[in-house]
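Residue-level listing of the chains:
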Amino acid sequence: MGDVFLVRHGETEWSRSGRHTGWTDLPLTERGRAEARQLVPLIRSHRIGAAFVSPLQRARETAELIGLQDVRVDPDLREWDYGGYEGITTAEIQRTRPDWFLFRDGVEPGPPDHPGETPEQVGGRADRMLAKVDAALADTEGCVVLVAHGHFLRVLTARRLGLPPSGGALFQLATGTVCRLGTEHGRPVIAGWNVRPGA
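Residues numbered from 1 in each chain as written. Predicted model: local features only at pLDDT ≥ 70, side-chain atom pairs only at ≥ 80, totals over all residues. Heavy atoms only, no water.

Student: Teacher, can you tell me more about the sheet that holds strand β6 (residues 187–195) here?
Tutor: Within a beta sheet, neighbouring strands are joined by backbone hydrogen bonds and run either parallel or antiparallel to one another. The sheet built from 6 strands is open, its strands ordered β3-β2-β4-β1-β5-β6 with mixed pairing. Each end of this open sheet is capped by a strand with a single partner; those strands are β3 (71–73) and β6. Recorded for the sheet is a direction-independent mean angle of 20° between the axes of neighbouring strands. Where strand β1 (residues 4–8) and strand β5 (residues 178–184) come together, 4 bridges link them in antiparallel fashion. By the bridge assignment for β5, Val 7 is matched with Val 178. Helix α7 (residues 119–138) contacts β1, β2 (48–53) and β4 (143–148) of the sheet and is inclined by roughly 150° relative to β4. Against the sheet, helix α8 (residues 150–160) touches β1, β4, β5 and β6, its axis set at about 160° to β1. (Pairing = 2+ DSSP bridges. Helix = DSSP H or I, 4+ residues; strand = E, 2+ residues; numbered from the N terminus. Axes fitted to C-alpha atoms, helices over the stretch in contact; angles between N-to-C directions. Contact = heavy atoms within 4.5 Å.)

So, in structure tokens, the structure goes:
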């Protein structure tokens, strides 16, 4: 089976300031566009069998800038629904909840159209996405590329490695980077993490 490449979208105004950006549909900054363009050599050096992207514009623009073709938009790749914590920083949340930890505690409920998700609900989406990845890997000779968001891709990595969704806390993920999930002796492993050209 081929490898899975995870691409976190480039910088946005909210990612730069540390605001939780779930379903708010922000564009990339100029720096975010430059981050995406720098990933082109890393992506082009591999044979891509299938590519999936979140429907949010920051991910779709990143996929376009790195030159992916025939990309399938998949809602399961959306970022964590932060509910009542959308647009708020961790420091602001911890003023009233000093021990709050996203990967353990989830979020406060939000409006009806974005009520928020528990870690387990995000893990369920990650599991569905991984089933689609495995189907694509079985159907192609190349790798699979996923272009999405920081917290979601961290949970997806945890699930790929057999960890609970809370295990996503172990994997820091910067904007405009590529990560590689592969196998060793038939078991899933991290083959590269937070990679940028020249790093």
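Student: What am I meant to see in the pattern of salt bridges here?
Tutor: Pairs can form between side chains of opposite charge whenever their charged atoms are close. One pass over the full model with this rule turns up 17 salt bridges. In this structure, the salt-bridge partner of Lys 132 is Asp 76, at a minimum N-O distance of 2.7 Å. Of this pair, Lys 132 sits in helix α7 while Asp 76 sits in the loop between β3 and α5 (90–93), and the two are 56 residues apart along the sequence. For the salt bridge of Arg 125 with Glu 117, the shortest nitrogen-to-oxygen distance reads 2.9 Å. Assessed through its relative accessible area of 7%, Arg 125 is described here as buried. Relative accessible area serves as the criterion here: at 12%, Glu 117 is assigned to the buried category. By sharing partners, the salt bridges in this structure join Glu 11, Glu 13, Arg 16, Arg 31, Glu 35 and Arg 196 into a single network. (Salt bridge = Lys/Arg side-chain N within 4 Å of Asp/Glu carboxyl O. Buried < 20%, exposed > 50% of the residue type's maximum accessible area, 1.4 Å probe, protein only.)

Student: Sorry, what's going on with helix α2 (residues 30–38) here?
Tutor: Note: α-helices contain 3.6 residues per turn, so residues at a spacing of three or four share the same orientation. Among the residues of α2, those classed as buried are Gly 32, Arg 33, Glu 35 and Ala 36. What you see down the axis of α2 is that its buried residues fit within an arc of 155°, all on one side. Projecting away from the buried face of α2 at angles above 90 degrees are the exposed residues Glu 30 and Arg 31. For α2, the secondary structure elements touched by its buried residues are α3 (40–44) and α4 (57–65). (Arc of directions from axis to C-beta.)

Student: How do you make sense of unusual backbone geometry when you look at a structure like this?
Tutor: Note: most peptide bonds trans; most residues except glycine with negative phi. For Asp 70, which is not glycine, the phi dihedral falls at a positive 50°. The topology assignment puts Asp 70 in the loop between α4 and β3. Overall, the relative accessible area of 74% leaves Asp 70 in the exposed class. In this structure, His 185 is a non-glycine residue whose phi angle is positive, near 55°. Checked against the element boundaries, His 185 lands in the loop between β5 and β6.

Student: Help me understand the nonpolar core, please; the structure alone is not making it clear to me.
Tutor: Nonpolar side chains in soluble globular proteins generally cluster together in the buried interior. Leu 6, Phe 52, Trp 80, Val 144, Leu 146, Phe 152 and Leu 156 are the most contacted members of the largest nonpolar core, which has 30 residues in total. Elements that contribute at least two residues to this core include exactly β1, β2, α6 (102–105), α7, β4, α8 and β5. If you tally residues by element for this core, the top one is α7, at 7 residues. In this view, Leu 156 contacts Leu 6, Ala 126, Met 129, Leu 130, Leu 146 and Leu 181; residues no more than four positions away in its chain are not counted. (Core = buried A, V, L, I, M, F, W, Y, C linked by side-chain atoms within 4.5 Å.)

Student: Could you clarify how one ought to interpret the pairing of β5 in this entry?
Tutor: Regular strands place their side chains on alternate faces of the sheet. Both β5 and β6 contribute to a ladder of 6 bridges, which runs antiparallel. Considered in β6, the bridge of Val 178 is made with Val 195. From the end of β5 to the start of β6, which pair antiparallel, there are 2 residues, and His 185 there has a positive phi angle of about 55°.

Student: Is there a simple way to think about the packing of α2 against α4 in this case?
Tutor: Two elements in contact, α2 and α4, have axes whose closest approach is 8 Å; the angle formed by their N-to-C orientations is 45°. With respect to α4, the axis of α2 lies oblique. Viewed along their axes, α2 and α4 form a crossing whose handedness is right-handed. Counting all contacts with α2, which are made through Arg 33, Ala 36 and Arg 37, the residues of α4 involved are Glu 61, Thr 62 and Leu 65. (Parallel < 35°, antiparallel > 145°, perpendicular 65-115°, else oblique. Left-handed = near helix turned anticlockwise from the far one by under 90°.)

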